[in-house]
Amino acid sequence: MAIRQGLLALLSRGSRYGYQLRTEFEASTGATWPLNIGQVYTTLSRMERDGLVSPGEQDDQGRVVYTITEAGRAEMERWFSTPVVQADRPRDELVIKLAMAVTAGADVRPVIQAQRVATMRTLQELTRAKRANVEGPAQRLVLDSMIFQAEAEQRWLDHCEAVLAASSQTQERQR
């Protein structure tokens, strides 16, 4: 998710200053995606330049309140209505690591096992977090997604082991 569109979504609920946006962004994502306050203000400056937000006057504490513009609402609606395609997602470092390990002829089993342990630990932490302190549907959706991704990764690691074992058996028979 682009920070820009996330901030626009938050501003669609009303005017906010940068720190409020950062806090609400992190709360909405269950604190799974921490934002640097500098990143928030840099993004707000770019959105102001692009006509997506307009700054208000500084309050007595020097904070500037930002308001979404009609162009900002249009961009947010465009984002909501456009599906996320696989090509838009970042490359999966684990997939690349395993592919390169296989290509290099490395023993992939310890790589898979180390990842399995780390993923299981993550899955347990996410499950505990979900039980302990979900503060609404946005956080629950984020945590559920992360849990499902970890579960899928575990299944994929099982699949990798099976494919590599079958490949190894095929190579043995060909010798």
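Note that the structure is predicted; figures quoted are calculated from it, not measured. Residue numbers run consecutively from 1 along every chain, following the written order of its sequence. Where local features are concerned, this predicted model is filtered to residues with pLDDT of at least 70; where side-chain atom pairs are given and counted, the filter is 80 or more; whole-chain, interface and lining totals use all residues. Values reported for side chains reflect all heavy atoms of the structure, with hydrogen atoms and water molecules removed beforehand.

Side note on helix α3 (residues 37-49)
Residues that lie three or four places apart on an α-helix share one face, since the helix turns once every 3.6 residues. Put simply, DSSP marks the helices as runs of H or I at least four residues long and the strands as runs of E at least two long, and each gets a number from the N terminus on. A helix is expected to span 1.5 Å for every residue after the first. Between its terminal C-alpha atoms α3 stretches 19 Å, which fits the 18 Å expected from 13 residues at 1.5 Å a residue. What α3 keeps buried is the set Val-40, Thr-43, Leu-44 and Met-47. Here the buried residues of α3 occupy an arc of 105° about the axis, which is enough to place them on one side. In this analysis, two residues are considered to be in contact whenever any of their non-hydrogen atoms come within 4.5 Å of each other. Where the residues of α3 are buried, they touch α1 (3-11), α2 (18-28), β2 (53-58) and β3 (64-68). One or two positions beyond α3, positive phi appears at Gly-51, with a value near 75°. Whether a residue is buried, partly exposed or exposed follows from its accessible area with a 1.4 Å probe, protein chains only, as a fraction of its type maximum: under 20%, in between, or over 50%, in that order. Note that the arc is computed from the directions linking the helix axis to the C-beta atoms.

Comments concerning the UniProt feature "domain: Transcription regulator PadR C-terminal" (unreviewed entry) in the protein
UniProt positions are given in the numbering used here, feature names are shortened, and annotations may be inferred rather than shown by experiment. On the UniProt side, "domain: Transcription regulator PadR C-terminal" (unreviewed entry) is annotated at positions that read residues 91-164 here. This span, residues 91-164, is 86% helix and 0% strand, and a straight line between its end C-alpha atoms measures 22 Å.

So, the packing of aromatic side chains
Stacked, edge-to-face and tilted labels apply to pairs of Phe, Tyr and Trp rings (six-membered ring for Trp) whose centres lie within 6.5 Å, assigned for plane angles under 30 degrees, over 60, and everything in between, in that order. On inspection of all chains with the given rule, the structure shows one aromatic pair. Lysine NZ or arginine CZ positioned within 6 Å of the ring centre and within 35 degrees of the ring normal marks a charge as sitting over the ring. Sitting over the ring of Tyr-17, Arg-63 keeps its end group 4.2 Å from the ring centre.

A few points about helix α6 (residues 109-133)
Between its first and last C-alpha, α6 extends 36 Å over 25 residues, near the 36 Å set by a 1.5 Å rise per residue. Among all positions of α6, only Ile-112, Arg-116, Thr-119, Leu-123 and Leu-126 are buried.

With respect to the nonpolar core
We call a set of buried Ala, Val, Leu, Ile, Met, Phe, Trp, Tyr and Cys residues a nonpolar core when their side-chain atoms join them within 4.5 Å. Among the nonpolar cores identified, the biggest contains 18 residues, and Leu-7, Leu-8, Leu-11, Leu-21, Leu-44 and Met-47 are the most heavily contacted of them. At the level of secondary structure, the elements contributing two or more residues to this core comprise α1, α2, α3 and β3. In terms of residues, this core owes the most to one element, α1, which gives six residues. Ignoring anything within four residues of it in the chain, the contact list for Leu-21 reads Leu-7, Leu-10, Leu-11, Arg-16, Val-40 and Leu-44.

Concerning the packing of α2 against α3
Relative orientation of the contacting elements α2 and α3 amounts to 115°, with a least axis distance of 9 Å. The crossing of α2 and α3 is right-handed. Where α2 approaches α3, its residues Gly-18, Tyr-19, Leu-21 and Arg-22 are matched on the opposing element by Ile-37, Val-40, Tyr-41 and Leu-44. Considering only residue class, the contact of α2 with α3 consists of six nonpolar, one polar and one charged. Axis geometry follows a simple rule: fit a line to the C-alpha atoms, using only the stretch in contact for helices, then measure angles between N-to-C directions, giving values from 0 to 180 degrees. Here a crossing is taken to be left-handed if its near helix is turned anticlockwise relative to the far helix by less than a right angle, and right-handed if that turn runs clockwise. Each residue gets one label: Ala, Val, Leu, Ile, Met, Phe, Trp, Tyr, Cys and Pro are nonpolar, Asp, Glu, Lys and Arg are charged, and the others, such as Gly, are polar.

A few points about the pattern of salt bridges
Think of a salt bridge as a Lys or Arg side-chain nitrogen and an Asp or Glu carboxyl oxygen that are within 4 Å of each other. Overall, the coordinates contain 11 salt bridges when judged by the stated rule. The shortest N-O distance in the salt bridge between Glu-75 and Arg-4 comes to 2.9 Å. Here Glu-75, found in helix α4 (residues 70-81), pairs with Arg-4, found in helix α1; they are 71 residues apart in sequence, far enough to count as distant. Where Arg-116 meets Glu-161, a salt bridge forms, and the shortest distance between an N and an O atom there is 2.7 Å.

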